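# Topology and contacts: notes
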Amino acid sequence: MSTARIALSTSAARPVLTPLVWIEAKRFARHPLFLAGFALALLASGGEYGPVELDHGFVPAFFVGIFGLVVAARLTASTRRCEAVVDAAPVSETTRTAALCAACLVPVAAALVVVVVYQLALALHDPRPAYVYGVFTTGERYLILLILPVIACLGAPLLGVAVGRWLRFPGAALLVAVALILWGMLAGYLPSQGMDASTWPARTLHMLTPYTAWVDSNSGSGATWVPTVVRSLTGSPAWFAAWTLALCALAACAALLHGAEGRVRQAVLRASWGAGAVALTSLTLAVVTGYSVPHDSSSEGTVVADSRTPLPPQP
Amino acid sequence: MSVVVGRSVLRAAPWPVLLGGCAAAAVLFGIAAAARHGGMFLPLSLLGLGACGATAAYVLDEDSAEVEDATPTGRRARVGWRLPIALLPFGVGSGAVLLLDDVGGATGWNRLAPVVAGSVAAGIGLASGLRRTGRFAPGDLAGALTFGLVVIVVAIEPLHALVSLAPLDSPAYPLSTAVAWALVLVGCAAVFMACERDPGRPPIRREIS
């Protein structure tokens, strides 16, 4: 009996999943909130936005990622009214959740477009001086500019699917979105809050977030738009990418766990433990192997390690 | 409409979301006040302002509107009972801004009071616009849109070449800013009046005899 059921589930689930993924992806791509966020992200990336290129990741992470979280939660919760009918369909809740998780590739594609548009827009301007990239290597720059924003735009919608499945009160998605922003802001910008960034707790908290800042600068507005000092913050971008990917996997597992039964539930639980172990390992490595102290790179070409003073105001 | 019906309209309001939203906004402003010496003061206050606007977007949520529209309780009358609830997020936002002005030192945080009014108005305007499209509980969508719009408008200042919408640095409060926020309020009020008319009532036409 069980063999027959497994054979049915593996052979039947795939043909069902593919059309479901297409349907959910189309629903995601047509959602007005997603389209509004995507348009705003493109608008904010088309020009020479922001003084420090490495901070641009905030734009897709907020407009595509956070808006995507709300969209994913709404799409997931939209079937609640007709739950009785949907549950009668020969497709399990896990398959439907998996389709929603796969549809989160839509914001990933959108984020990719945004970061590429930003790079193209930058290419039209004069090349940036090297100091605005801080002490990061070329590989780390590409990670920060191209990969980390895209991962953020995958993780937030996946969390939205989990929120839509587990939290059933109105405003849940918005509450989680605000909490996520607050967490990212407080932990990511710890050095701006007067905390010594080179201490172990500060370095750990700086990485223990789904979105973190990599640079801080003394840029102002108007004539002082371009900074004279750029502070590279602590941590390893490569291991931070692994940590955020593991968080994405954990969010997907949390979503899939709702309504999962039998072997599927066991498999999802095993995957959750695996993702948790990867998350813990990569977080530790991001703190231990990354930059341990902040570095100040100035327009005069000097690099000061372990800078503990507040960023100087522009002359 | 009688007070009895008004009470039932008020009772049907999504109080957990409204109170939870106000509490979340208050917490954000509280953290902003606690971190007033760091660089997170303004961004956290912005999140608080956005939360006030998003909370206001839930005021008009009426899951049973389809049924209630068929009863002799006008939509405008029902909304009239609901609208004063928007004073709750407005009160939290403006009170917090005035408090931040006291603790924030030299910066004129009380200049953000029009932003609070604008975000609450935007939340209600967006919600009523979405209600007209058949979504009777548009709070989630309108709230997210309002939150995003408020944060963008104040943090990025997309119209800074024309007008500064959150003039914290300028020595005096610019007239153009006051005009801009007044326009937002009037625009949202117009959208609200247009969208919240009774759906069953045909437009009044004068017949030529």
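Keep in mind it's a predicted model, so treat the numbers as computed, not measured.

### A few points about the overall build of chain B
- From N to C terminus, chain B includes nine helices and zero strands.
- In chain B, the succession of helices and strands from N to C terminus is α-α-α-α-α-α-α-α-α.
- Overall, the C-alpha framework of chain B stretches about 65 × 40 × 25 Å when taken along its three principal axes.
- Relative to its 209 residues, chain B shows a buried fraction of 43%.
- Summarising the internal contacts of chain B: among those between residues at least 6 apart in sequence, 72% fall at separations of at least 24.

### Here we look at the sheet that holds strand β2 (residues 229-232) of chain A
Residue and element names in this part refer to chain A.
- Taken in spatial order, the four strands make up an open sheet running β1-β2-β3-β4, and their pairing is antiparallel. Each having just a single partner strand, β1 (215-217) and β4 (303-305) make up the two edges of the open sheet. Ignoring which end each strand starts from, the neighbouring axes of this sheet average 20° apart.

### Concerning the interface of chain A and chain B
- At the junction of the two partners, chain A supplies 23 residues and chain B supplies 26 residues.
- Looking at the side of chain A that touches chain B, the elements with two or more residues in it are α2 (32-46), α3 (58-77) and α8 (172-188) of chain A.
- Ranked by residue count, the leading element in the side of chain A that touches chain B is α8 of chain A, at eight residues.
- By residue class, the composition of the side of chain A that touches chain B is 17 nonpolar, five polar and one charged.

### Things to note about helix α5 (residues 75-82) of chain B
Residues and elements named next belong to chain B.
- For α5, every residue scored as buried is listed here: Arg 78, Val 79 and Arg 82. Angular distribution of buried residues about the axis of α5 spans 95°; they occupy a single face of the element.
- Looking at the packing, one finds that the buried side of α5 touches α1 (3-11) and α4 (65-68).

### Topic: the environment of Gly 274 of chain A
- Within the element layout of this structure, Gly 274 of chain A appears in helix α11 (residues 262-289).
- For the pair Gly 274 of chain A and Ala 249 of chain A, spaced 25 residues apart in sequence, the C-alpha to C-alpha distance is 9.3 Å.

### A short note on the packing of α2 of chain A against helix α6 (residues 105-123) of chain A
All names here are of chain A.
- One way to put it is that α2 packs onto α6 with a least axis distance of 8 Å and a crossing angle of 15°. For the element pair α2 / α6, the angle class is roughly parallel. As for how α2 packs across α6, the hand of that crossing is right-handed. Residue-level contacts link Phe 34, Phe 38, Ala 41, Leu 42, Ser 45 and Gly 46 of α2 to Pro 107, Ala 110, Val 114, Val 117, Tyr 118 and Ala 121 of α6.

### Description of the confidence of the model for chain A
All names here are of chain A.
- Here chain A shows a mean pLDDT of 86. Residues at 70 or above account for 88%.
- No element of chain A has a lower mean pLDDT than helix α1 (residues 2-30), which averages 73, and none a higher one than helix α10 (residues 237-257), which averages 96.
- Low confidence marks residues 1-8, where pLDDT is under 50. Its contacts with residues over four positions away, or in another chain, come to zero contacts.

### What about the nonpolar core?
- Leu 69, Cys 153, Leu 158 and Ala 177 of chain A together with Ile 124 of chain B are the most contacted members of the largest nonpolar core, which totals 145 residues.
- Contacts of Cys 153 of chain A, omitting those with residues within four sequence positions, involve Pro 60, Ala 61, Val 64, Gly 65, Gly 68, Pro 107, Val 108, Ala 110 and Ala 111 of chain A.

### Overview of the pairing of strand β3 (residues 295-298) of chain A
All names here are of chain A.
- Here four bridges tie β2 to β3, and the two strands are oriented antiparallel to one another. Counterpart to Val 230 in the pairing with β3 is Ser 297.
- Here β3 pairs with β4 via three bridges, running antiparallel. From the neighbouring strand, Ser 297 faces β4, where its bridge partner is Val 303.

### Concerning the environment of Asp 196 of chain A
- With respect to the secondary-structure elements, Asp 196 of chain A resides in the loop between α8 and α9 (200-207).
- Residues Asp 196 of chain A and Leu 20 of chain A, spaced 176 residues apart in sequence, show a C-alpha to C-alpha distance of 50 Å.

### Describing the environment of Ile 156 of chain B
- Its place among the elements puts Ile 156 of chain B in the loop between α8 (139-155) and α9 (175-195).
- Remark: the alpha-carbon pair of Ile 156 of chain B and Ala 86 of chain B, spanning 70 residues in sequence, is separated by 26 Å.

Scoring rules and cut-offs
Residues numbered from 1 in each chain as written. Chains lettered and ligands numbered in written order. Predicted model: local features only at pLDDT ≥ 70, side-chain atom pairs only at ≥ 80, totals over all residues. Helix = DSSP H or I, 4+ residues; strand = E, 2+ residues; numbered from the N terminus. Buried ≥ 20, exposed ≤ 12 C-beta atoms within 10 Å, placed from the backbone. Contact = placed C-beta atoms within 7 Å. Pairing = 2+ DSSP bridges. Axes fitted to C-alpha atoms, helices over the stretch in contact; angles between N-to-C directions. Nonpolar A, V, L, I, M, F, W, Y, C, P; charged D, E, K, R; others polar. Arc of directions from axis to C-beta. Parallel < 35°, antiparallel > 145°, perpendicular 65-115°, else oblique. Left-handed = near helix turned anticlockwise from the far one by under 90°. pLDDT = per-residue confidence, 0-100. Core = buried A, V, L, I, M, F, W, Y, C linked by C-beta atoms within 7 Å.

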